[in-house]
Amino acid sequence: MSFFGSMLTLLTTLMHLYVFGRAYTLPMFRRPSYRRALIITGAALWLIFFLGRAYGGDRYGFLTVALEMAGMHWMAGVFLIAIGMLIGDLACGFGFLFRKVAGRVRTGGLMFGLALILLAHVQGLRPPVIETHEVSVKDLPARLDGTTIAMMADMHVGELMVGPRWLNARVAQVQALRPDMIVLAGDLFERSSDPAEMTPVMRQMSAPLGVWAVRGNHDTVRPNRRDATGEILAGAGIRILSNEWVNPADGLTLAGIDDLTSSRRRAGEGEANLDRALADRPANPTILLSHTPWLTDRAAAAGVALMLSGHTHNGQIWPFKYLVRARYPFITGRYEMDGMTLIVTRGTGTWGPRMRLWAPGEITLITLRSDTPGR
């Protein structure tokens, strides 16, 4: 298990102890039989989570995939219950204030946490919304004024309940926008995705200026592991931009960089990849695809007009966004910096639990505007 996985397991275990320790004291669980059932339930749920972390994935087929997804859903669930119960504890001063009603206040916190779980599932199952942006691009030829770009990222196709049917609906949603260009900003397919199922769906995706992609951290090629994303996109005729640029239209350059969360683990590699992606390009307005919204200052200094990213999911489940923001200050939406516009999508799909809270999935539609006088 990785360092991140170990810390996640430790944090979830602590939340388990807090939630079930507090629940043990609630009036509704005073009967010995109820308390025994509570202890057994807590132990079973923690075991499901732990086994899902340790043995989940597609290594043993559907059973371990389902085990991992159950564990991930419960991890998110116990987090939201812990938030609700913490609010109840704060309201009654952790039992030192309002002692006569502290039990009822904590019970209310438990009910609030359960309500958040229900709402997060409802939002997670909803289709993504369309977010629109108009971006003024310096020196964009007047003939390209009004060019539209549809962006999807963080689809994570291959997760439980995110399969060909879901993908087909997303492709139809994008095609209905009739964009001039489609870009896929990483974390597209999990390794459990079946290219035979996904490739025909992706072949339906087309645009006059092409469909282009970059890899995310879930798409990174690793030794002895199947490159499902590469197989699917190649079969669909979609080109992955790997530290390189192309001219999809006369007067417009599109560059793409390999995922920075993977490459920057090796000192200087991310910076070198960015320099390679932008090297020797023509003097056109440049759009940069980067799964992770890092090296933004370097991109702006290199003359990039528009940078498109994802990766953050805006935390996916509130209040994770406040933890994510500590590492990714550009977490969602639009930012302006030194002549460059950065747009970070919340992501089209979900990773782990099919849950979202206050951060609906999105497909981003960007309209380019020329600053040429008389456009």
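Here the structure is shown first, and the text comes after it.
Predicted model only: the values in this text are computed from it and were never measured.

Draft legend 1. Quick look at the side chain of Arg215. Residue position: Arg215 is located in the loop between strand 4 (211-214) and helix 7 (228-236). A distance of 2.8 Å separates the side chain of Arg215 from the backbone oxygen of Asp219, its partner in a polar contact. A polar side-chain atom of Arg215 sits 2.8 Å from a polar atom in the side chain of Asp227. Among all residues touching Arg215, those that are not within four sequence positions of it are Gly186, Val221, Asp227, Thr229, Gly230, Ile240, Asp258, Asp259 and His291.

Draft legend 2. The arrangement of the sheet that holds strand 4 in detail. Spatial ordering of the open sheet is given by 1-12-2-3-4-5, a layout of six strands whose pairing is mixed. In the strand order of this sheet, the two ends are held by strand 1 (129-137) and strand 5 (239-240), each with one partner. Pairing of strand 1 with strand 12 (residues 362-370), which is carried by nine bridges, proceeds in the parallel orientation. Its bridge partner lying in strand 12, Glu131 is registered against Thr364.

Draft legend 3. Quick peek at helix 6 (residues 195-202). Turning to helix 6, its buried residues are Pro195, Met198, Thr199, Val201 and Met202. Projection of helix 6 onto a plane perpendicular to its axis shows the buried side chains occupying an angular sector of 165°, all on one side. Those residues of helix 6 hidden inside the fold are in contact with helix 5 (164-175), strand 3 (181-185) and helix 7. Of the residues that open helix 6, the one with a side-chain oxygen 3.0 Å from the backbone nitrogen of Ala196 is Asp194.

Draft legend 4. View of the environment of Met198. Positionally, Met198 belongs in helix 6. Taking C-alpha positions, Met198 is 8.0 Å from Leu167, a pair spaced 31 residues apart along the chain. The contacts of Met198, once residues within four sequence positions are left out, are Val157, Gly163, Pro164, Leu167, Phe189, Ser193 and Ile232.

Draft legend 5. A look at the layout of surface pockets. In this structure, the second largest pocket spans a volume of roughly 210 Å³. Lining the second largest pocket are 15 residues; nearest its centre among them are Lys138, Gly303, Val304, Ala305 and Gly339. Listing elements by their share of the lining of the second largest pocket, those giving two or more residues are strand 1 and strand 11 (340-344). Of the residues that constitute the lining of the second largest pocket, the class distribution is six nonpolar, five polar and four charged.

About the cut-offs
Residues numbered from 1 in each chain as written. Predicted model: local features only at pLDDT ≥ 70, side-chain atom pairs only at ≥ 80, totals over all residues. Heavy atoms only, no water. Helix = DSSP H or I, 4+ residues; strand = E, 2+ residues; numbered from the N terminus. Polar contact = N/O pair within 3.5 Å; in protein donor to acceptor, adjacent residues only side chain to side chain. Contact = heavy atoms within 4.5 Å. Pairing = 2+ DSSP bridges. Buried < 20%, exposed > 50% of the residue type's maximum accessible area, 1.4 Å probe, protein only. Arc of directions from axis to C-beta. 1 Å grid on protein atoms, 1.4 Å probe; cavity = no way out; pocket = protein on both sides within 12 Å on 5 of 7 lines; lining within 4 Å. Points joined across faces, edges and corners; volume = space filled by probe spheres on them. Nonpolar A, V, L, I, M, F, W, Y, C, P; charged D, E, K, R; others polar.

Purely geometric numbers; function is a separate question.
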